[in-house]
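One letter stands for each residue in the lines below.
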Amino acid sequence: MRTATATIMGTVVSLAAPDDVPAADFDAAGEAAFGWLRHVDAVFSPFRADSPISRIRDGRLAPSAIEPGSEIHEVLSLCEELKQASDGAFDAWAVGDPPGFDPCGAVKGWATERAGALLTAHGLTRHALNAGGDVRLRGGRDGTPWRVALTDPHRPRTVLTVLTVADGAVATSGTAERGAHVFNPSSGRRATALAQVTVTGPDLARADGYATAALALADGPRGAATAREWLRGLAERTGYQALTVDPAGATWWTGGLAAHLPQLS
Amino acid sequence: MRKTSPARRTSLALLSTGAGVALLLGVKAQSAGAPRSALADAPRPAAAPSAAPPSSTSTAAPAPAAGSGSGTFTGSVVDTRYGPVQVQAVKSGGKLTDIVVLQQTYGGHSSQIDSYALPVLKSEALAAQSADIDVVSGATYTSEGYAQSLQAALDAAGK
């Protein structure tokens, strides 16, 4: 397996591709993807006072003034779509306390989805791209699906289970690595009722947003049941499948996930 | 590559050697109890609303079926450089599914080891058994936390 890593967006991005890819092609595709992610990191940083995100947050830049077709516009549209799809659980405009605009929960998945497309455009049609735990896969490995380990949130470095995915995305949101960092906009509290949510489907931007939304939904009055109900409906509407782990370690998954769990058959 | 890269598997196995394997070797299967799943004690999740279609619910992630070679094997107390440690190996269907650290030392230098190194040793031994993976999805790790992640071990093994 050819592998490459880069430290971007406060995490490490890992790229893997089969050995039969020429090294020069692998390196060129990887640099294009990493370069794009570094660009996104700079443009969307909420920590830079002059970034568009900071300017939207403090009112210097009105969303209506943002040029359609621009990167910022694309992310804002995605945030709006995720807010609608999650009944408001994913709300980039109500992050933190006091609530403010922060699209970070959408940016990483979106940027990594685009980075994967760049890899393909550079000829790297079989790849596994991992942005700090959110994964985009293409082309299978060598005639077989990629094997994606899901971490056990209660036992770091151990594998909860393995999903097989030839083409698609696997996104996981949880409280294990960074503490509870997902806010429920309706309660203003940090989401803790589920330890981890994994969502798999065609597109990483959506999978990532759905996983984050489910974690926030679990913080509602009915707790994890609300999140599972929503994930079940999501699977029916969109085909995106999910697996959750609660704080006691119990797992639950949508029926369609079985297609990615060969160990069940 | 799953079929063609024994090198990766070997590398991961090497990562898990050292004290982790020393702990495992300390397990002398003094007693074999009833088969138990690593997560068997976890309570079942809240029942799904009755109006909704049934979904899969389990107290454990898709786990190996119990079969021959299942059971809990408790080791004797062994002295390690981190202090006396006793471990329990849980096997299911002939596969190692969990390692439980039964006794740890506290205080002084070794308390830091207990809260950090022992869980890593335990998980590395399990990770070596699960080496047939390409990539790891989990809660976002920081660039600092990456070094301790299973993905870091995979990236290192691929080179």
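About the thresholds
Residues numbered from 1 in each chain as written. Chains lettered and ligands numbered in written order. Predicted model: local features only at pLDDT ≥ 70, side-chain atom pairs only at ≥ 80, totals over all residues. Heavy atoms only, no water. Helix = DSSP H or I, 4+ residues; strand = E, 2+ residues; numbered from the N terminus. Buried < 20%, exposed > 50% of the residue type's maximum accessible area, 1.4 Å probe, protein only. Contact = heavy atoms within 4.5 Å. Areas by Shrake-Rupley, 256 points an atom, 1.4 Å probe, with all protein chains shown as cover. Expected span 1.5 Å × (residues − 1). Polar contact = N/O pair within 3.5 Å; in protein donor to acceptor, adjacent residues only side chain to side chain. Phe/Tyr/Trp six-rings, centres within 6.5 Å; stacked < 30°, edge-to-face > 60°. Pairing = 2+ DSSP bridges. Core = buried A, V, L, I, M, F, W, Y, C linked by side-chain atoms within 4.5 Å. Axes fitted to C-alpha atoms, helices over the stretch in contact; angles between N-to-C directions. Parallel < 35°, antiparallel > 145°, perpendicular 65-115°, else oblique. Left-handed = near helix turned anticlockwise from the far one by under 90°. Nonpolar A, V, L, I, M, F, W, Y, C, P; charged D, E, K, R; others polar. Salt bridge = Lys/Arg side-chain N within 4 Å of Asp/Glu carboxyl O.

Asker: Help me understand the overall build of chain B, please; the structure alone is not making it clear to me.
Answerer: Within chain B, the secondary structure is distributed over four helices and six strands. Starting at the N terminus, the α and β elements of chain B follow one another as α-α-β-β-β-β-β-α-β-α. In chain B, which comprises 159 residues, the share counted as buried stands at 47%. The contacts in chain B between residues at least 6 apart in sequence include a share of 51% that link residues at least 24 apart. In the form shown here, chain B has an accessible surface area of approximately 7,800 Å², with 57% of it arising from carbon and sulfur atoms.

Asker: I keep staring at helix α5 (residues 204-217) of chain A and nothing clicks. Help me out?
Answerer: Since the α-helix advances by 3.6 residues per turn, residues separated by three or four positions end up pointing in the same direction. Residue and element names in this part refer to chain A. Helix length check: α5 (14 residues) gives 20 Å between terminal C-alpha atoms against 20 Å at 1.5 Å per residue, within 8%. A large share of α5 lies buried, amounting to 13 of its 14 residues. With a side-chain oxygen positioned 2.9 Å from the backbone nitrogen of A205, the residue opening α5 is D203.

Asker: Sorry, what's going on with the environment of K108 of chain A here?
Answerer: Tracing the chain through its elements places K108 of chain A in helix α4 (residues 104-121). Take K108 of chain A: its relative accessible area is 11%, and that puts it in the buried class. Distance in space between the C-alpha atoms of K108 of chain A and G132 of chain A is 9.3 Å, their sequence separation being 24 residues. Setting aside its immediate chain neighbours within four residues, K108 of chain A contacts M9, A131, G132, D134 and D208 of chain A together with T140 of chain B.

Asker: Just checking my understanding: could you explain the packing of aromatic side chains for this structure?
Answerer: Residues and elements named next belong to chain A. All chains considered together, the criterion is met by five aromatic pairs over all chains. A ring pair is formed by W93 and F101, whose centres lie 4.1 Å apart and whose planes are at 35°; its orientation type is tilted. Given a relative accessible area of 34%, W93 falls into the partly exposed group. Each residue in the set W36, F44 and W110 is aromatic and connected to the rest through ring pairs, giving one cluster.

Asker: Even after reading the chapter, I still don't get the pairing of strand β5 (residues 146-152) of chain A, so can you show me in this structure?
Answerer: When a strand is regular, its side chains alternate between the sheet's two faces. Across the seven residues of β5 of chain A, seven count as buried, placing the element largely inside the fold. Inspection of the sheet shows β5 of chain A paired to strand β6 (residues 135-137) of chain B by three bridges, in the parallel sense. Residue pairing for β6 of chain B: V148 of chain A is matched across the bridge by V135 of chain B.

Asker: For this particular structure, what's the right way to read the nonpolar core?
Answerer: For soluble globular proteins, nonpolar side chains are generally found buried alongside one another. Residues and elements named next belong to chain A. F44, W110, V199 and L231 are the most contacted members of the largest nonpolar core, which totals 64 residues. Looking at this core element by element, the count peaks at ten residues for α5. When neighbours within four sequence positions are excluded, L231 is seen to be in contact with V197, V199, A214, A242, T244, W252 and T254. Residues V135, L137, L163 and W253 belong to the second largest nonpolar core, which totals 18 residues.

Asker: Would you take a moment to explain the packing of helix α3 (residues 71-85) of chain A against α4 of chain A for this structure?
Answerer: For any two helices packed against each other, one specifies the crossing angle of their axes together with the interaxial distance. Residue and element names in this part refer to chain A. Where α3 contacts α4, the two axes come as close as 10 Å, and the packing angle between them is 120°. Overall, the two elements α3 and α4 adopt an arrangement that is oblique. Once α3 is placed against α4, the crossing between them reads as right-handed. Two secondary-structure elements touch here, α3 through E71, E74, V75, L78, C79 and L82 and α4 through A106, V107, W110 and R114. Residue classes in the contact of α3 with α4 are distributed as seven nonpolar, no polar and three charged.

Asker: Where do I start with the packing of α3 of chain A against α5 of chain A in this structure?
Answerer: Residues and elements named next belong to chain A. Where α3 contacts α5, the two axes come as close as 10 Å, and the packing angle between them is 45°. Here α3 lies oblique to α5, going by the angle between them. Between α3 and α5 lies a crossing whose hand is right-handed. Contacts between α3 and α5 involve L78, E81, L82 and A85 from the former and A205, R206, G209 and Y210 from the latter.

Asker: What's the story with unusual backbone geometry in this structure? I'm lost.
Answerer: All names here are of chain A. A positive phi angle, near 60°, is found at M9, a position not held by glycine. For M9, the position within the fold is in the loop between β1 (2-8) and β2 (11-17). We note that D87 has phi near 55°; this positive angle belongs to a residue other than glycine. Mapped onto the secondary structure, D87 falls in the loop between α3 and α4. D87 sits in the exposed class, given a relative accessible area of 65%.

Asker: Sorry if this is basic, but what is going on with the pattern of salt bridges here?
Answerer: Opposite charge on two side chains lets them pair, provided their charged atoms get close. Under the counting rule described, the total for this entry stands at 13 salt bridges over all chains. The partner of R48 of chain A in a salt bridge is D50 of chain A, and the shortest N-O contact between them spans 3.2 Å. Across the pair D134 of chain B and R141 of chain A runs a salt bridge, and its minimum N-O distance is 2.3 Å. On the criterion of chain membership, the pair formed by D134 of chain B in the loop between α3 (108-129) and β6 and R141 of chain A in the loop between β4 (134-138) and β5 is interchain, its members lying in two chains.

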